[in-house]
Amino acid sequence: MSTSGSVELGIAIGILQRAVELDKNNRFTESLVCYEQGLRVLLEVIKNTTDGAKKTQLRLKVEEYMTRAESIKKLIADKKARGEYREQVVIEADSTGHSYESVFGRFLDAEVTDISVEDPYIRNFHQCQNFLKFCELAVMNCSNLKTISLVTNIGHSQQEAQDTNSWLNSLKNSLQPRNVTLSVEIRPTLHDRTIRLSNGWIIKIGRGLDYFKSPENKMALGVFNMDLRKCHETTVDIFHKGAVSTIRK
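All values derive from a computational prediction rather than experimental measurement.

Rules used in this analysis
- Residues numbered from 1 in each chain as written.
- Predicted model: local features only at pLDDT ≥ 70, side-chain atom pairs only at ≥ 80, totals over all residues.
- Heavy atoms only, no water.
- UniProt positions renumbered as here; feature names shortened; annotations may be inferred.
- Helix = DSSP H or I, 4+ residues; strand = E, 2+ residues; numbered from the N terminus.
- Buried < 20%, exposed > 50% of the residue type's maximum accessible area, 1.4 Å probe, protein only.
- Pairing = 2+ DSSP bridges.
- Axes fitted to C-alpha atoms, helices over the stretch in contact; angles between N-to-C directions.
- Contact = heavy atoms within 4.5 Å.
- Domains from an automatic or database assignment.
- Buried area = accessible area lost by both parts, 1.4 Å probe.
- Salt bridge = Lys/Arg side-chain N within 4 Å of Asp/Glu carboxyl O.
- Polar contact = N/O pair within 3.5 Å; in protein donor to acceptor, adjacent residues only side chain to side chain.
- Core = buried A, V, L, I, M, F, W, Y, C linked by side-chain atoms within 4.5 Å.

S.K.: How should I be thinking about the UniProt feature "domain: MIT" (unreviewed entry) in the protein in this particular structure?
M.R.: Listed under "domain: MIT" (unreviewed entry) in the UniProt record, and renumbered for this structure, are residues 5-83. Along residues 5-83 one finds 89% helix and 0% strand; the C-alpha atoms at either end are 43 Å apart.

The following block contains the structure:
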């Protein structure tokens, strides 16, 4: 096997080991993503392998992982159909690797047409930027997205309220050319933090979208790539209910 083939094999093994680890921890949707990614790389390795014995050995591994991936797909589908699917991600203080894409990006797909976000802390500038990052991810992943509705609270002073409205209006204008409508409702009594997707997935984040710590300075890793940003401790609960009915009108 060539050097490049050995590197690709190492990458595949690493991804598949992560899949098995997530599988054991009942984090099935994450595990399935890793199985699929690892298998794609492993199939590419097989295609470029000339050693017959090695190719046979790798094919057996592919069959083993494919069988487990199909079992996970069926398990998720069955639990979704019964409204019983639950998954929890615990984000530890100062840990990294928890961008919105990493934590719940896999649930934002072409089936999503409407998104409802309830988060009382989309008011300060960095919190509005967090919401902007979420909207960017939604626009990139959800090719049929039509509406995003935000229920939040605003600052106590008139100036804070004006600033928040100005930032959210700018975001609303930016989404319009993408044919995505942003609606904002101010609810002073709001406490819960929930993201509801029209494909049936519901994401509850203990701290809402604002679970990242501030970067050490403006030139530190994590300023732009949120997977490199340290986090506050929080818990993310993910479950599935009937599609469409999860969006509150």
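Back to the text.
S.K.: Would you mind going over the pairing of strand β5 (residues 194-197) with me for this structure?
M.R.: In the case of a regular strand, side chains alternate between the two sheet surfaces. The alternating pattern of β5 places T194 and R196 on one face and I195 and L197 on the opposite face, and all of these are buried. As paired elements, strand β2 (residues 114-118) and β5 share four bridges and run antiparallel to each other. The partner of I115 across the bridge, within β5, is L197. Pairing of β5 with strand β6 (residues 201-205) involves three bridges; the strand directions are antiparallel. For I195, the partnering residue across the bridge sits in β6 and is I203. The turn linking β5 back onto β6 is made up of three residues, and G200 within it adopts a positive phi angle of 105°.

S.K.: Got a minute to help me understand the sheet that holds strand β3 (residues 147-152) in this structure?
M.R.: Think of a sheet as strands paired side by side through backbone hydrogen bonds, with each pair either parallel or antiparallel. The seven strands lie next to each other as β1-β7-β6-β5-β2-β3-β4, forming an open sheet whose pairing is mixed. The open sheet has two edge strands with one neighbour each: β1 (86-91) and β4 (181-186). Neighbouring strand axes in the sheet, compared pairwise and without regard to direction, differ in orientation by 15° on average. As judged from the six bridges shared by β1 and strand β7 (residues 234-240), these two strands associate in the antiparallel manner. Paired with E87 across the two strands is I238, which belongs to β7. In the packing of helix α5 (residues 125-141) onto the sheet, the strands contacted are β2, β3, β4 and β5, and the crossing angle to β2 comes to about 165°.

S.K.: Before we go on, may I ask you to explain the domain arrangement of the protein in this structure?
M.R.: Note: interface size is frequently given as the accessible area lost on complex formation between the parts. Taken as a whole, the protein is organised into domain 1 (2-82) and domain 2 (87-240). Put simply, the middle of domain 1 and the middle of domain 2, counted by C-alpha atoms, are 31 Å apart. The interface is formed by eight residues belonging to domain 1 together with eight residues belonging to domain 2. Considering only the surface of domain 1 that becomes buried against domain 2, R27, T29 and K80 emerge as the three largest contributors, covering 68% of it. Counting across the interface, domain 1 meets domain 2 through one salt bridge. Residue R106 pairs with E30 through a salt bridge whose shortest N-O separation is 3.8 Å. Summed over the shared surface of domain 1 and domain 2, the result is three residue pairs in polar contact (both at pLDDT 80 or more).

S.K.: What am I meant to see in the nonpolar core here?
M.R.: Inside soluble globular proteins, nonpolar side chains tend to come together where they are buried. F104, I115, F131, I195 and L209 are the most contacted members of the largest nonpolar core, which totals 59 residues. Split by domain, the residues of this core number at least three in each of domain 1 (2-82) and domain 2 (87-240).

S.K.: Explain the pattern of salt bridges here, please?
M.R.: Across all of its chains, the model carries 14 salt bridges by this definition. Note that E87 and R106 form a salt bridge whose closest N and O atoms lie 2.9 Å from each other. Here E87, found in strand β1, pairs with R106, found in the loop between α4 (100-104) and β2; they are 19 residues apart in sequence, far enough to count as distant. Beyond isolated ion pairs, a larger network of salt bridges with shared partners links R27, E30, E87 and R106.

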